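So you can see what is in the structure, the chains are spelled out below.
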Amino acid sequence: MSSPARRHPPPSTEAPPASRGDALRAAAQPVGLLAELTYRCPLSCPYCSNPVTLGDYHDELTTAQWQRVLAEAQELGVLQLHLSGGEPLLRRDLVELVAGARELGFYTNLITSALGLSRRRAEQLRAAGLDHVQISIQADEPALSDRIAGTPSFQRKIEAAHIVKELGWPLTVNVVLHRRNIDRVAAVLDLAEELAADFIELANTQYYGWAWRNHGALLPNRTQLERAEAVVRAARERLKGRMEIVYVLPDYYSRYPKPCMGGWGKQQLTVTPNGDVLPCPAAHSLPLPRASVREDSLAWIWALSPLFQRFRGTDWMPEPCRSCERREIDFGGCRCQAFQLTGDAARTDPVCHLSPDHDIVAEKVRAANERTGIRDGVLTPRPHRGHPSSG
Amino acid sequence: MPSIKPIRTEKRVRTEKRAVGERGSTAMTSSSRPKLASHMRMRFDPVRQQHVLLGPESVVVLNQTGADILAVCDGRRTVADIVAALRGRYDRVIDEDVRLFLARLAAKRCVEICVEIDDE
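Cut-offs and rules
- Residues numbered from 1 in each chain as written.
- Chains lettered and ligands numbered in written order.
- Predicted model: local features only at pLDDT ≥ 70, side-chain atom pairs only at ≥ 80, totals over all residues.
- Heavy atoms only, no water.
- Helix = DSSP H or I, 4+ residues; strand = E, 2+ residues; numbered from the N terminus.
- Rg over C-alpha atoms; globule rule 2.2 N^0.38 Å.
- Buried < 20%, exposed > 50% of the residue type's maximum accessible area, 1.4 Å probe, protein only.
- Contact = heavy atoms within 4.5 Å.
- Lys, Arg positive; Asp, Glu negative; His and termini not counted.
- Charge placed at Lys NZ, Arg CZ, Asp CG, Glu CD.
- Core = buried A, V, L, I, M, F, W, Y, C linked by side-chain atoms within 4.5 Å.
- Pairing = 2+ DSSP bridges.
- Axes fitted to C-alpha atoms, helices over the stretch in contact; angles between N-to-C directions.
- Right-handed = clockwise from strand over helix to strand, strands pointing away.
- Salt bridge = Lys/Arg side-chain N within 4 Å of Asp/Glu carboxyl O.
- Phe/Tyr/Trp six-rings, centres within 6.5 Å; stacked < 30°, edge-to-face > 60°.
- Lys NZ or Arg CZ within 6 Å of the ring centre and 35° of its normal.
- Disulfide = S-S within 2.5 Å.

Chemist: Talk me through the overall build of chain A; I want residue IDs and the actual numbers.
Modeler: The number of helices and strands found in chain A is 15 helices and nine strands. Taking 21 Å as the expected radius of gyration for a compact globule of 391 residues, we find that chain A reaches 21 Å, a close match to that expectation. Its C-alpha atoms put chain A at 65 × 55 × 55 Å along the principal axes. The proportion of buried residues among the 391 residues of chain A is 57%. The long-range share in chain A, meaning contacts at least 24 apart out of those at least 6 apart in sequence, stands at 74%. One finds the centroid of the 46 positive side-chain charges in chain A at a distance of 1 Å from the centroid of its 45 negative side-chain charges.

Chemist: Break down the nonpolar core for me, citing the residues and quoting the values.
Modeler: Soluble, globular proteins show a tendency: their nonpolar side chains are buried together. Of all hydrophobic cores here, the largest spans 105 residues; its most connected members are L33, L125, I135, I200, L202 and L298 of chain A. The element best represented in this core is helix α6 (residues 154-166) of chain A, accounting for six residues.

Chemist: Before we move on, could you go through the pairing of strand β3 (residues 50-55) of chain B and cite the residues and values that matter?
Modeler: Residues and elements named next belong to chain B. Most of β3 is tucked away, with six of its six residues classed as buried. Burial along β3 is two-sided: the face carrying Q50, V52 and L54 and the face carrying H51, L53 and G55 are both buried. The sheet contact formed by strand β2 (residues 41-45) and β3 spans five bridges and is antiparallel. Pairing of R43 across the sheet is with V52, part of β3. With antiparallel pairing between neighbouring strands as the criterion, β2 and β3 make up a hairpin whose turn holds four residues, including Q49 at a positive phi of roughly 55°. In the sheet, β3 pairs with strand β4 (residues 58-62) via five bridges, with the strands oriented antiparallel.

Chemist: Before we move on, could you go through the sheet that holds β4 of chain B and cite the residues and values that matter?
Modeler: All names here are of chain B. The strand order β2-β3-β4 describes an open sheet built from three strands, whose pairing is antiparallel. In this open sheet, the two edge strands, each paired with only one partner strand, are β2 and β4. Adjacent strand axes in the sheet meet at a mean angle of 30° when their direction is disregarded.

Chemist: Could you give me a rundown of the pairing of strand β1 (residues 32-36) of chain A, with the residues and numbers involved?
Modeler: Residue and element names in this part refer to chain A. With respect to burial, β1 is a largely interior element, five of its five residues being buried. Neither face of β1 is exposed, since G32, L34 and E36 on one face and L33 and A35 on the opposite face are all buried. Bridging between β1 and strand β2 (residues 80-84) involves five bridges; their strand directions are parallel. Following the sheet pairing, E36 is matched in β2 by S84. Running through helix α2 (residues 63-76), the crossover from β1 to the neighbouring parallel element β2 is right-handed. In terms of strand pairing, β1 meets strand β8 (residues 268-271) through four bridges, oriented parallel. When the bridges of β8 are listed, L34 appears paired with T270.

Chemist: Pulling in residues and values, what's your account of the pattern of salt bridges?
Modeler: Summed over all chains, the structure comprises 26 salt bridges over all chains. For D198 of chain A, the salt bridge goes to K165 of chain A, with nearest N and O atoms at 2.9 Å. One end of the pair, D198 of chain A, is in the loop between α7 (185-194) and β6 (199-204); the other, K165 of chain A, is in helix α6, with 33 residues separating them in the sequence. Two residues, R77 of chain B and D74 of chain B, come together in a salt bridge whose shortest N-O distance is 3.1 Å.

Chemist: Provide a residue-level description of the side chain of Q337 of chain A, including the pertinent values.
Modeler: Summarising the element assignment, Q337 of chain A is placed in helix α14 (residues 335-342). Other than its neighbours up to four places away in sequence, Q337 of chain A contacts Y208, D251, Y252, K258, D349, P350 and V351 of chain A.

Chemist: Would you mind going over the packing of aromatic side chains in detail, with residue names and values included?
Modeler: Applying the stated criterion across every chain yields a total of five aromatic pairs over all chains. Ring geometry for Y39 of chain A versus Y57 of chain A: centroids 4.9 Å apart, planes at 75°, classification edge-to-face. Of the two residues, Y39 of chain A sits in the loop between β1 and α2 while Y57 of chain A sits in the loop between β1 and α2, which places them 18 residues apart along the sequence. An identical accessibility class is assigned to Y39 of chain A and Y57 of chain A; each is buried. On the basis of an interplanar angle of 55° and a centroid distance of 5.2 Å, the ring pair of Y207 of chain A and Y252 of chain A is categorised as tilted. Separated by 45 residues along the polypeptide, Y207 of chain A in the loop between β6 and α8 (209-213) and Y252 of chain A in the loop between β7 (244-248) and β8 bring together distant segments of the chain. Look at Y252 of chain A and you get buried, because its relative accessible area is 3%. Sitting over the face of the ring of W302 of chain A, R312 of chain A holds its NZ or CZ atom 5.2 Å from the ring centroid. For the cation-ring pair, R109 of chain B lies above F199 of chain A, with the distance from its terminal atom to the ring centre recorded as 5.3 Å.

Chemist: With reference to specific residues and values, describe unusual backbone geometry.
Modeler: Residue and element names in this part refer to chain A. Cis geometry marks the peptide bond from G85 to G86; its omega dihedral reads 10°. Locating G86 in the fold gives a position in the loop between β2 and α3 (94-103). Each neighbour pair has its own omega, and for E319 with P320 the value is 5°, a cis peptide bond. Although it is not a glycine, A114 adopts a positive phi angle of roughly 80°. Note that A114 resides in the loop between β3 (107-112) and α4 (119-128).

Chemist: Now, about the state of the cysteines: what can you tell me, with residues and values included?
Modeler: Under the definition given, this model contains zero disulfides over all chains. In this structure C352 of chain A is not part of a disulfide, and its nearest cysteine sulfur, from C324 of chain A, lies 6.5 Å away. With relative accessibility at 7%, the residue C352 of chain A sits in the buried group. Free cysteine C110 of chain B: the closest other cysteine sulfur is in C73 of chain B, separated by 12 Å.

This is the structure in structure tokens:
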């Protein structure tokens, strides 16, 4: 910092406008990479967003292949690395991958069920430089949590959460909300406070993969949502400065769609266990050309592949998005949801009240509010493990 | 934990003049001693050629001035000290800009105010 005295520009946390130019530069630099290291998982949550075709992902990338992907991601501008799955701790090379990621400068997040996060493993990850741990919990108490997870796991999660705090990590507790646990939000918040979590994410289920298959039984009713929101509002006030609460609405109840991934191919990319690269983790469901790190560089895939270019920007938009003043706010919503609900990925997300297909969502919401019991409907658990050799 | 949620990454702290710091923990005055929160990491990003502030699911892109301010936030210097330190480097430093910048980051829990200090 040997610069001579100069005029003081106001301190700012705003990036300058992205430079424009050739096609490579037209794609803004990605900020985050979701590395889905494996779809194997000890849990069998019915809200899982992993593909229902888990069998297609057995051929996992090797350590060396992941290391190459991470190096390419760093060159592309990725700053945040989310290590997820399935259960990322099932990868024996996780510590090695974390150490390499830290050397590349990533802020590294482990998104885990915490099963397999023994003290020894945790210490190794800490030494490797892992920055942050996010532990999923299915409910505030063992019986319900274990029932949703499909396996005894609650106690081990609590033990792991204590270890995370003891080792000095920031801890995020993540609870996916749905019809069967949303009434427990107050107790869930108490538990997170007890665990001294720094952040809690109360994310209503998004309906992809297994969750889509189970959406009829997972979608809460309006009364449940209103109660939960009141609890969250009060807790935010009470816990201000101690624990940050992120609450994600179920988008079926929203007036406008979610800004999925902050825009297609705009900020985020996902690499699946077998090396497919996706603009969002659910995009494997779309009838679009594949892109894989086994065949092409991450830079080419991000900037130029037909997959990433398909819905980038606003040119692809139909009405009512095309002329909507919110087109750069919610980007037309979620392409996967549009495809799932209408069969056409290029339509406006039917969640939007302006969508010509909105009645599809309205009908699902109506059905959820007609059913009275919170345990109505059948839930299909995802298989425990997506890998034949791991039992 | 595979469940999709809208990604919140690349939250940028905006410059709106929201009332921040009304509560004790984030009140930023000229005698506050700020430091980067322990869960945050600042580094230079060679790709963007800018400093970035990274935390759990958050990315803040800083300009040089912002990075210079944070570089001297060590939990011992007060905001007044920080302004003085910057005066050696810049020919004009507006106290209020620095204080507001730090208050905004404190409200986002990127910056903490140190209460226990070793005064030797």
